[in-house]
Amino acid sequence: MGIAFNNRLLSRKPRVAVIRLTGTIGGAGRGGGLNDAALAPLIERAFRRGKPVAVALAVNSPGGSPVQSSLIAARIRCLADETEVPVHAFVEDVAASGGYWLACAADRIWADESSILGSIGVISAGFGFHQLIDRWGIERRVHTAGRSKSTMDPFRPENPEDVARLHTILEPIHQAFKDHVRARRGTRLSEERDLFTGEFWAGREAVRLGLADGIGHLVPKMKALYGDRLRLEVHGMRRPLLRRLGLSAEALIDAAEDRAAFQRFGTRG
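Residues numbered from 1 in each chain as written. Predicted model: local features only at pLDDT ≥ 70, side-chain atom pairs only at ≥ 80, totals over all residues. Heavy atoms only, no water.

## Points about the overall build of the protein chain
In terms of regular secondary structure, the protein chain is built from ten helices and eight strands. Per-residue burial for the protein chain yields a buried fraction of 39% across its 269 residues. When contacts within the protein chain are restricted to residue pairs at least 6 apart in sequence, those whose partners lie at least 24 apart make up 72%. When the accessible surface of the protein chain is summed, it comes to about 15,600 Å², and 54% of that surface belongs to carbon and sulfur atoms. (Helix = DSSP H or I, 4+ residues; strand = E, 2+ residues; numbered from the N terminus. Buried < 20%, exposed > 50% of the residue type's maximum accessible area, 1.4 Å probe, protein only. Contact = heavy atoms within 4.5 Å. Areas by Shrake-Rupley, 256 points an atom, 1.4 Å probe, with all protein chains shown as cover.)

Right, here's the structure in full:
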C-alpha cells in the first residue's frame, strides 16, 4: 500500500494556479473592478490550495487606483514569499499604470509582441465648466467650512494654488510607483532612457527596456518551464449574473469606463 501511495504521488500532475486580473483597478464601490477585498480569497486559494509549483498572473488592465494596485501586489508578494511559490505574470492586451504595478508583483513578466506595458506615472483629470455656466447665466453658490474644502471645483476657474497642492499629492504617489518597479525589476531595467515618464511600449521594446523578461504566452511557457503534464487551475472574480449579461445600469457604466480606459492604450488590427 505504501508503494502504491508513493506511485500515486509521483504520478500527480504539477499544478499551476492562474489568477485572472482583468479590468480597471479599484472599482470596489460598484463591485465591477479589481480590488483587494474581492481578490483576497482568490489569491489565498491560488497559493495554498494543492501546493502549486507556480502561480501565473494573467494581467489585462489599463490601471486604476494606486492604493488598490499596491494592496493587491503586496498580498501576492506576501503569499509568494511565505509559500516559496514562484510567480509569473503574462500580459495580454495591456499592463499599464496600475496594471503594470500588478505585473511587477511577479518574479518574471512575459508579454505578447503586441502587448502594451508601462505608463509608470500618476494622473488626475477632470473638466472645467465655469465658462459654460457663465454663458447660461447660472450662478453657483458654494459655502465651506475649511479654506481648501472646494479645491479643484470644476465649476470655478482653476486656482494655481490648488494645482500646486494637487502636485504635492501626485508626486509621492508617483515616487511609490517608481520605488515598487525598481525594487521588483532591479538591474533588469534599462538605464538608457527614463522609464518613469508615463510613456508606454509594445511587447518586444518593453522586453529590451527591461520592463518584461521575454515574449511568451501562458500555457506554452508554463509547459516549457514545468512540463507538458501540468494542470492549470484558474481563479477569477465572479460577478453576478446580471453583470455578466450586461443587464444592469452598473454593468453598463462599468463597461463604458473599462472601454474608455483600455482605448487609451488600444490598437486594432
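## Some words on the pairing of strand E3 (residues 87-96)
Taking burial as the measure, the ten residues of E3 include eight buried ones, the bulk of the element. Judged from the six bridges that link them, strand E2 (residues 54-61) and E3 form a sheet pairing that is parallel. Directly across from Leu57, in E3, lies its bridge partner Ala89. Taking the sense of rotation as the criterion, the β-α-β connection linking E2, helix H3 (residues 66-83) and E3 turns out right-handed. The sheet contact formed by E3 and strand E4 (residues 108-111) spans four bridges and is parallel. In the sheet register, Val91 faces E4, and the bridge partner there is Ala111. What joins E3 to E4 is helix H4 (residues 98-103), and the crossover it makes is right-handed. Pairing geometry for E3 and strand E5 (residues 116-118), over three bridges, is parallel. Residue Val94 lies in a different strand from E5, and its bridge partner there is Ile116. (Pairing = 2+ DSSP bridges. Right-handed = clockwise from strand over helix to strand, strands pointing away.)

## Details of the nonpolar core
Ranked by size, the top nonpolar core spans 45 residues in total, and within it Leu21, Phe47, Leu57, Ile76, Tyr100 and Ile109 carry the most contacts. Contributions of two or more residues to this core are made by strand E1 (15-22), helix H2 (36-48), E2, H3, E3, H4, E4 and helix H6 (160-185). Counting ten residues, the second largest nonpolar core, distinct from the first, contains Val18, Ala56, Ala58 and Phe90. (Core = buried A, V, L, I, M, F, W, Y, C linked by side-chain atoms within 4.5 Å.)

## Describing a nonpolar patch on the surface
Together, Phe127, Phe129, Leu132, Trp136, Ile138 and Phe155 give the surface a local cluster of nonpolar side chains, amounting to about 670 Å² of exposed area. In this structure, Phe129 sits in the loop between E5 and helix H5 (130-135). (Patch = residues over 30% accessible without salt bridge, like charges linked within 9 Å, V, L, I, M, F, W, Y side chains within 5 Å. Salt bridge = Lys/Arg side-chain N within 4 Å of Asp/Glu carboxyl O.)

## Section: the pattern of salt bridges
What the rule picks out here adds up to 16 salt bridges. Linking Glu233 and Arg49 is a salt bridge whose minimum nitrogen-to-oxygen distance equals 3.9 Å. Taken together, the residues Glu233 in strand E8 (residues 231-235) and Arg49 in the loop between H2 and E2 connect sequence positions 184 residues apart. On the basis of relative accessible area, Glu233 is assigned to the buried category, the value being 15%. By sharing partners, the salt bridges in this structure join Arg15, Arg49, Arg231 and Glu233 into a single network.

Limitation: the analysis is restricted to geometry and does not speak to function.
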